[in-house]
Structures are given as structure tokens and as C-alpha cells.
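# Report on the structure
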Amino acid sequence: MAGVLAILVLAVAWRAARLTEAEGQAPLAPTRPRHENAPPYVSIINALPDPVLVIAAHEPDDLTGRRFVMVNDAARDLLRIQFDAGLLVTAIRDPQVLEAVDEALFGGMDSQAVYEMGGAQARVLKAFAKPLGEAPDGSRLALLVLRDETDIRRAERTRADFLANASHELRTPLASLSGFIETLRGHARTDEGAREKFLTIMSTQAERMARLIDDLLSLSRIELNEHIAPQGETDLALAVMDVVDALGPLARERGVTLTPCMPARGEAVVSGDRDQIVQVVQNLVDNALKYSPRDGSVAIALVSGLTAEAAAAPLRPRSARLSLLTPDHGPDLYAALRVTDSGVGLKREHLPRLTERFYRVEGQKSGERSGTGLGLAIVKHIMNRHRGGLVVESVEGEGATFSAYFPLVPGSLAMPEAPAPAAVTKPS
């Protein structure tokens, strides 16, 4: 650590000399310094994996006088810094971090703070501030290092949430199983009719527990890596058709028609993890099947080459509509998957809570529409990891539409305005 500090002091002296020479001239251009023309220790600082900033200030009372005079590449990427130097508050506005920097600058002591970055992909960082003494121009210097602890915090929270949610949701089926086992051991031991009835109920409860555990584990795995964008490319049209083929037998059993409308192969290639994208499609289509009546239909449309605004635009003027997830930033074009059921629709008051864990609307807690309440929560977290968006709109009595839009791979072809319908899966 002492060696790194020595290198930083040399770097700050070099940086201060550059700033002195530039005094009175035009502001620094928003470009990164050319490493080939910089001293060797600048390359060393840029090679550090943690974001590093050197802060300079003259007076404790001048709250706007804290400036960063050197940043490494990791800090530029994390804080989206474009200039070689500038006001610290333009990069970091967290009061606790700024207070830690002041303690290092004017208190001469090491300080720490937790820095929680907002946005769709929230991150938690530990900020370490350390005094560096005085610069040649008399200003006080401090070193600010940011260490990403998102994975650690997510793991802790996920473990706590998993235990709390699992214990709460599994309590009812476990109590039911225990009661039926006790009954079968008692007066129903020789009652063949009661035994068959109770065993059927016990099997249903055991299947429910298995689904709960599978969904909880899936959600936990997704949340752990939610802040890390997935690698790879997937043809969304092919993924959707795979799901339609897989759910065809279930649709026929329920008497529901699946009506896909897909673009040509290669016109909706998106960035992402294929398995998770398939999970999004499957959850949305399966949810639509649950709410569509017999002889109803589920429309599955895929539209490519849309801007974020067009992908999230309302489809029906009278609908209750809510954006459940909006991407912070991303590419210019998206591919939007829109799944529409022919059910009774959702009331406006239900929309904000649809992606909460274990939230289920009326009719979903038992019977044919029984679910774990985790499907849409999983969809939201997968879409967040893929830097996409999720919108729901509904008209009571006319069904609901869920739109999930994924960022297109740069250079992929846009889909025509009016795609030709694909084959239809009809109920038998």
C-alpha cells in the first residue's frame, strides 16, 4: 500500500504541474489521457482494478472546492467521468462519502463509508478515504478508493430473504402434510376412499413445495448476478418458438389457442443468456395460459427494431398501464416480446405489486390458477440483468398484455412493421 501511495503522490505532482500550465486556458477536453504519452506510473494506476480518485481542496468551508485531480480507468467507467479533472460533486453526491473525504482532507485521518449507487442495477461499494498530505500548490490531497461489495451484500440479503420466504411459504403445505399423515395413521387407516383422497392432496402439496423451492433457488441465483450483464447472443424468435412448442400440449389440454407472430430468423438477435431468456418467455406465456378461459387465445407477438420509447408505448388507449422496469441506458434499438391473454384482465390497483415476491391476485392462490407468486419477480430480475424493460397493461374484461423488451445486438436487422403470422397451435 505504501508503494501505491508513493506512486500516487508522484502522479499527483505531475497532474498538478499539467493543471498549472493549463491555468487560464480553455477547459480540459472530455477525453481520456493518452497513456502512451503519460509517465509509466499512470499506466500502473490505470491497471488497478478498484476505482481510484485523488481529491484536492484548499478550504474546509468551500464545499464546492473539492476537486478530483486524477482518476483511473476503473473510476471513469464506474462514475462515467469524461474529464481529466473536475468538481467531486459532479461524480459523487453521496453525503457519507463526501464526509469521509473531508475527514481525510482536513482531519488527517483514514475514513470509510458505504456508497449505494442507485439505478436499475443497484450497486453497493465501500469507500476508503486516506490523507495524502499537501500538493505543491498548497492544496490538501486525499485518496479515495471504491471497492465493489455488491456480491457480498447480495449474498447476505439473498440468504436472509430465502430463509424468511421459504419458512413462511412452506409452513402451510408442511402443516397440511403433517395433518394428513396423522389422520392416515389414525381413524382413516382402514378407509380406502379417504386414504386415496388424502394421498392425492398430499401429492399436490408436495409438488407445490417443490415448485416453491425451485423458484426460490432460481430467483436467488439470478439476484446474485443481476448487476453483471450477461454475455452471448440469442435469436429471440427461435427461443419463443421453442417455448410455444413446449407449451403446446398444455395449451391443448386447457383448450387455449397459442397464436405466435414472429419475424424471420436473424431479425431479432438480442444480447443475453439464452436459458434465462427462455425462462422469461415461458413464465409470461404460462401466466397467460392460466388466465385465459377455455376456447380463449394467447397472442405472442415479437417486434424488432424499436426504440425504448416505442417498445414501452401503450398498445390500447383505454388500458391501465404501468412500466414495471425501465432500463437506465442502453442501445438505440430493442426487440419487444408482447404476450396477451384473453382473460378477465387485472385491476389497476394490482399492477404496482405484480413483481413482488409471493404476490398473487384473486383466484391465483388456489385451484387451476395456483402459482408460487414468484414467476413475474423472476421475469423482472432477469430483464434487469439483461438491461431490458418490462411493461404491463390491462383492460378489465379484455385481458392483459405483458411486454418485455431486450436490447438488440448492434447491427442486427430490424423487423418490418407488419410481420406475417407464424403457424398457429390450435387446441384439439
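Just so we're clear, the structure is a prediction, and the values are computed from it rather than from any experiment.

## Examining the pattern of salt bridges
Where charged atoms from two side chains of opposite charge approach closely, those side chains can pair. Under the criterion given, the structure shown has eight salt bridges. A salt bridge links Asp50 to Arg147; the shortest N-O distance between them is 3.4 Å. You can see Asp50 sitting in the loop between helix 2 (40–47) and strand 1 (52–57) and its partner Arg147 sitting in strand 6 (residues 140–148), a full 97 residues away along the chain. Across the salt bridge formed by Lys290 and Asp286, the nearest N and O atoms sit 3.9 Å from each other. Placement of the pair is Lys290 and Asp286 together in helix 8 (residues 274–291), with a separation of four residues, close to one helical turn.

## Some thoughts on the nonpolar core
Within the largest apolar cluster, 64 residues are counted, with the highest numbers of intra-cluster contacts made by Leu236, Leu284 and Ile300. Every residue in contact with Leu236, bar those within four places of it in the chain, is listed here: Ala268, Val270, Ile277, Leu302, Ala335 and Phe406. Of all hydrophobic cores here, the second largest spans 26 residues; its members include Ile55, Ala57, Leu78 and Ala100.

## Details of the packing of helix 6 (residues 192–224) against helix 10 (residues 375–385)
At a closest axis distance of 10 Å, the pairing of helix 6 and helix 10 adopts a crossing angle of 20 degrees. In this view, helix 6 runs roughly parallel relative to helix 10, as classed from their interaxial angle. The two elements helix 6 and helix 10 meet at a crossing, and its hand is left-handed. In this structure, helix 6 uses Asp215, Ser218, Leu219, Ile222 and Glu223 to contact helix 10, whose residues at the interface are Ala377, Ile378, His381 and Ile382.

## With respect to the sheet that holds strand 4 (residues 111–117)
The six strands lie next to each other as 3-2-1-6-5-4, forming an open sheet whose pairing is antiparallel. Among the strands making up the open sheet, the edge pair consists of strand 3 (86–87) and strand 4. The pairing of strand 1 with strand 2 (residues 67–71) spans four bridges and is antiparallel. Looking across to strand 2, one finds that Val54 is bridged to Met70.

## Side note on the sheet that holds strand 14 (residues 399–407)
Spatial strand order, 8-10-12-14-13-11: six strands in an open sheet with mixed pairing. Each edge of the sheet is formed by a strand with only one pairing partner; in this case those strands are strand 8 (257–261) and strand 11 (320–325). The average undirected angle you get between the axes of adjacent strands in this sheet is 15 degrees. Its contacts with the sheet put helix 7 (residues 236–254) on strand 8, strand 10 (297–306), strand 12 (334–340) and strand 14, and the angle it makes with strand 8 is roughly 170 degrees.

## Structural notes on helix 4 (residues 95–106)
An α-helix turns once per 3.6 residues; consequently, residues spaced three or four apart project the same way. Compared with the 16 Å implied by 1.5 Å per residue over 12 residues, the 16 Å span of helix 4 between its first and last C-alpha is a close match. Its side-chain oxygen placed 3.0 Å from the backbone nitrogen of Gln96, Asp94 serves as the N-cap of helix 4. Of the residues flanking the end of helix 4, it is Gly108, one or two places downstream, whose phi is positive at about 65 degrees.

## What to know about unusual backbone geometry
Not every positive phi belongs to a glycine, and Arg80 is a case in point at roughly 55 degrees. A residue is classified by how much of its surface remains accessible, and Arg80, at 59% relative accessible area, is exposed. Although it is not a glycine, Asp295 sits at a positive phi angle of roughly 70 degrees. Along the chain, Asp295 turns up in the loop between helix 8 and strand 10. For Asp295, a relative accessible area of 71% gives the class exposed.

Scoring rules and cut-offs
- Residues numbered from 1 in each chain as written.
- Predicted model: local features only at pLDDT ≥ 70, side-chain atom pairs only at ≥ 80, totals over all residues.
- Heavy atoms only, no water.
- Salt bridge = Lys/Arg side-chain N within 4 Å of Asp/Glu carboxyl O.
- Helix = DSSP H or I, 4+ residues; strand = E, 2+ residues; numbered from the N terminus.
- Core = buried A, V, L, I, M, F, W, Y, C linked by side-chain atoms within 4.5 Å.
- Buried < 20%, exposed > 50% of the residue type's maximum accessible area, 1.4 Å probe, protein only.
- Contact = heavy atoms within 4.5 Å.
- Axes fitted to C-alpha atoms, helices over the stretch in contact; angles between N-to-C directions.
- Parallel < 35°, antiparallel > 145°, perpendicular 65-115°, else oblique.
- Left-handed = near helix turned anticlockwise from the far one by under 90°.
- Pairing = 2+ DSSP bridges.
- Expected span 1.5 Å × (residues − 1).
- Polar contact = N/O pair within 3.5 Å; in protein donor to acceptor, adjacent residues only side chain to side chain.

No statement about biological role is implied by the geometric values presented.
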